[in-house]
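Chain by chain, the residues:
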Amino acid sequence: MSVINPDQINAQRLAGLRPSADRTDIDPALGDGSLVDDPGKVAPLVLNNRSFHDITEIVSGYSEKAPNWWWFHALGFAATVASIAQVMILYLIITGVGVWGLNNQVDWAWDITNFVFWIGIGHAGTLISAILCLLKQPWRTAVNRAAEAMTIFAVMCAGIFPGIHVGRVWFAWMLFPIPNYNYIWPNFRSPLLWDVFAVSTYATVSALFWYMGMIPDFATFRDRAHLRMRQGKSKQVELRLPVPLPLPTIKLPWRGDLIRAYVFGFLSLGWRMSGRHWYRYEKAYLILAGISTPLVLSVHSIVSFDFATSVVPGWHTTIFPPYFVAGAVFGGFAMVLLLLIPLRALMTNFSDLLTLRHLENMAKIILVTGMMVGFAYSMEFFIAWYSGSQFEADAFLYNRATPDWLDSRGAPYWWAYYAMIGCNVISPQIFWFRKMRRSPLAIWIVAFFVTIGMWFERFVIIVTSIHRAFLPGEWHMFFPTPVDILTFVGSCGVFLTLFLLFIRFLPIFPISEIKNVLPGASPHDYHDDHGDEHEGEHAGEGAH
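Not measured: the values here are computed from a predicted model. (Residues numbered from 1 in each chain as written. Predicted model: local features only at pLDDT ≥ 70, side-chain atom pairs only at ≥ 80, totals over all residues. Heavy atoms only, no water.)

**Details of the overall build of the protein**
Alright, step 1. For the protein, the count of helices and strands is 19 helices and two strands.
Alright, step 2. Residue burial in the protein is summarised as follows: out of 544 residues, 50% are buried.
Alright, step 3. Long-range pairs, those at least 24 residues apart, make up 77% of the contacts in the protein with a sequence separation of at least 6. (Helix = DSSP H or I, 4+ residues; strand = E, 2+ residues; numbered from the N terminus. Buried < 20%, exposed > 50% of the residue type's maximum accessible area, 1.4 Å probe, protein only. Contact = heavy atoms within 4.5 Å.)

**Things to note about the confidence of the model for the protein**
Alright, step 1. Taken residue by residue, the protein gives an average pLDDT of 82. The fraction at 70 or more is 85%.
Alright, step 2. Low confidence marks residues 1–6, where pLDDT is under 50. Its contacts with residues over four positions away, or in another chain, come to eight contacts.
Alright, step 3. Note that residues 12–28 has pLDDT below 50 and, in this model, 37 contacts with residues that lie over four places away or in other chains. (pLDDT = per-residue confidence, 0-100.)

**Brief notes about unusual backbone geometry**
Alright, step 1. Phi at Leu269 takes a positive value of approximately 60 degrees, unusual for a residue other than glycine.
Alright, step 2. The residue Leu269 is located in the loop between helix H8 (256–267) and helix H9 (275–308) in this model.
Alright, step 3. In this structure Leu269 comes out as exposed when scored by relative accessible area, which is 58%.
Alright, step 4. The phi torsion at Met273 lies on the positive side, around 60 degrees, for a residue other than glycine.

**Topic: the packing of helix H5 (residues 123–134) against helix H6 (residues 144–164)**
Alright, step 1. The N-to-C vectors of H5 and H6 enclose an angle of 145 degrees; their axes lie 7 Å apart at closest approach. Two packed elements cross with a definite hand, and for H5 against H6 that hand is left-handed. Two secondary-structure elements touch here, H5 through Ala124, Gly125, Thr126, Ile128 and Ser129 and H6 through Asn144, Ala147, Glu148, Met150 and Thr151.
Alright, step 2. Here the residues of the contact of H5 with H6 sort into four nonpolar, five polar and one charged. (Axes fitted to C-alpha atoms, helices over the stretch in contact; angles between N-to-C directions. Left-handed = near helix turned anticlockwise from the far one by under 90°. Nonpolar A, V, L, I, M, F, W, Y, C, P; charged D, E, K, R; others polar.)

**Describing H9**
Alright, step 1. In this model H9 runs 49 Å from its N-terminal to its C-terminal C-alpha over 34 residues, within 8% of the 50 Å that 1.5 Å per residue would give.
Alright, step 2. A maximum bend of about 30 degrees is found in H9 at Leu295. (Expected span 1.5 Å × (residues − 1). Bend = angle between axes of the 7 residues up to and from the residue.)

**Here we look at helix H3 (residues 69–95)**
Alright, step 1. Over its 27 residues, H3 extends 40 Å from the first C-alpha to the last, a length consistent with the 39 Å expected when each residue adds 1.5 Å.
Alright, step 2. Residues of H3 that are buried include every one of Trp70, Trp71, Leu75, Ala78, Val81, Ala82, Ala85, Met88, Ile89 and Leu92, and no others.
Alright, step 3. Against H6, helix H10 (320–346) and helix H17 (482–505) lie the buried residues of H3.
Alright, step 4. In the stretch just after H3, Gly96 is the one whose phi turns positive, near 115 degrees.

**Remarks on the packing of aromatic side chains**
Alright, step 1. Tallying each qualifying case throughout the model produces 48 aromatic pairs.
Alright, step 2. Consider the rings of Phe153 and Trp210, whose centres lie 6.1 Å apart with planes at 80 degrees: the pair is edge-to-face. Residue Phe153 is found in helix H6, and its partner Trp210 is found in helix H7 (residues 191–231); the two are separated by 57 residues along the sequence. Here Phe153 and Trp210 have matching classes, each one buried.
Alright, step 3. Ring centres of Tyr211 and Phe218 lie 6.1 Å apart, and the angle between their planes is 45 degrees; on these two criteria the pair is classed as tilted.
Alright, step 4. A relative accessible area of 26% means that Tyr211 is categorised as partly exposed.
Alright, step 5. We classify Phe218 as buried; its relative accessible area is 2%.
Alright, step 6. Among the aromatic side chains, those forming a connected cluster through ring pairs are Trp110, Phe117, Trp118, Tyr413, Trp415, Trp455, Phe456, Phe459, Phe478, Phe488 and Phe495.
Alright, step 7. Taking NZ or CZ as reference, Arg504 lies 5.1 Å from the ring centre of Phe505, over its face. (Phe/Tyr/Trp six-rings, centres within 6.5 Å; stacked < 30°, edge-to-face > 60°. Lys NZ or Arg CZ within 6 Å of the ring centre and 35° of its normal.)

**A look at the pattern of salt bridges**
Alright, step 1. Taken as a whole, this structure holds 14 salt bridges when the rule is applied.
Alright, step 2. Arg400 is the partner of Glu380 in a salt bridge, and the nearest nitrogen-oxygen pair spans 3.8 Å. Taken together, the residues span a long stretch of sequence, with Glu380 in helix H12 (residues 356–387) and Arg400 in helix H13 (residues 390–401) at a distance of 20 residues. For the pair formed by Glu380 and Arg400, the shared burial category is buried.
Alright, step 3. Because the salt bridges share partners, they merge into one network encompassing Glu57, Glu64, Arg224, Arg228, Asp257 and Arg260. (Salt bridge = Lys/Arg side-chain N within 4 Å of Asp/Glu carboxyl O.)

Spelled out as structure tokens, the structure:
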């Protein structure tokens, strides 16, 4: 019999001073222990009996400790690729849009393809954080913070292309309804102006939602830095060159923890972990989740209106809004897995917080949304046939599906269409097999193919619909130039650079939300160390 009161043991566990009781209801044969199929047992969302203190140390350690060697190599590579975009954009501004492969017929090509692609990537963060929050899905806590950050960075990459594709970048401010003495007003009936309002609203709300969720974690980082300073455990910052040179080491007069205390103290907005703060935080977070949820549906619907409100065969269809929303969720989840699965293997204790159960749930969502996208692909052919328009039927049959080597009227871009079908429709079907849904390597490969397929989807929609006009004399091919390709590659470098900086300096997991899904967070799930001894006694008392 322990001399410590069981209530005191429970209090110590809740405070993170004592590890949680060992779980004996997990079959070690079920992967990492999170793949429990018995409905009578609760699958753990955090592995290895992590206490509250362990969660704080793990998540804070990613930001406070020195990064691993791979992070420096990845950041250097990503920053180098991002610099390519800067050079290409500068070259575009100096020379003009003629450096792109655009022509009189195909006046939308890689620029709008990349814009729609990045907007679609940015949808997963809001879906995971807002909709799954409203649906009370606890497994979202392992992926929501990284997905929210990915949303912000993807929208930033998407914003590059509307600004530069107008040709004269210095007139991009005319997209906004700003009063001016030239009496130049945007056309409010234009879907392009709808994009400005939709994307800017989505970016603003997503940034607020992302920042709101990090306020308690910022306060934790602030308090930890302040505590180390009081205990004299802070280390003085030294600047050393990567190459040993006969130069003196530069010792800065300030300490890293002092910078953290000031920066995170400012960002935490005076958070003190009080009950009043938690009450207002929960209410504000729920309100932002309710505001963000319709944005998931509205933003990409409005982006689809760029095409659906036109009279171009292949675009003029009412299926585009739900089709684009499903595709955005599909591609967004694939990008989340594409980034987090390598981090799960490279970062210490990452797999304890991102379990195989999380990966399996996301694989199921990819399978469902992939079938929705495949259904939309088939419905496009049905709508083209049902409309009775020969131009609509020819746009899908001869501009996309029929290879040019099979029919003289066939599509020269048939390879792009079948690459889209293979990546988006066929590759996710392996998730019907449980073993594939639970294999991180298989999930990552499918996510990689889906990401490629979603870019090809936007390319097929845009280029194959307009490279052949109503008159055969207006048929022109589009060939991307090196500037087209390198600008998009550079935007990928910008996205990856921002994400690497995020995982280095900001909390990649929501500390407080992960603690809420631990067994010790609920008093009903608590069993003391001697619960098994007295189980029969309590049962007997209940019988009497």
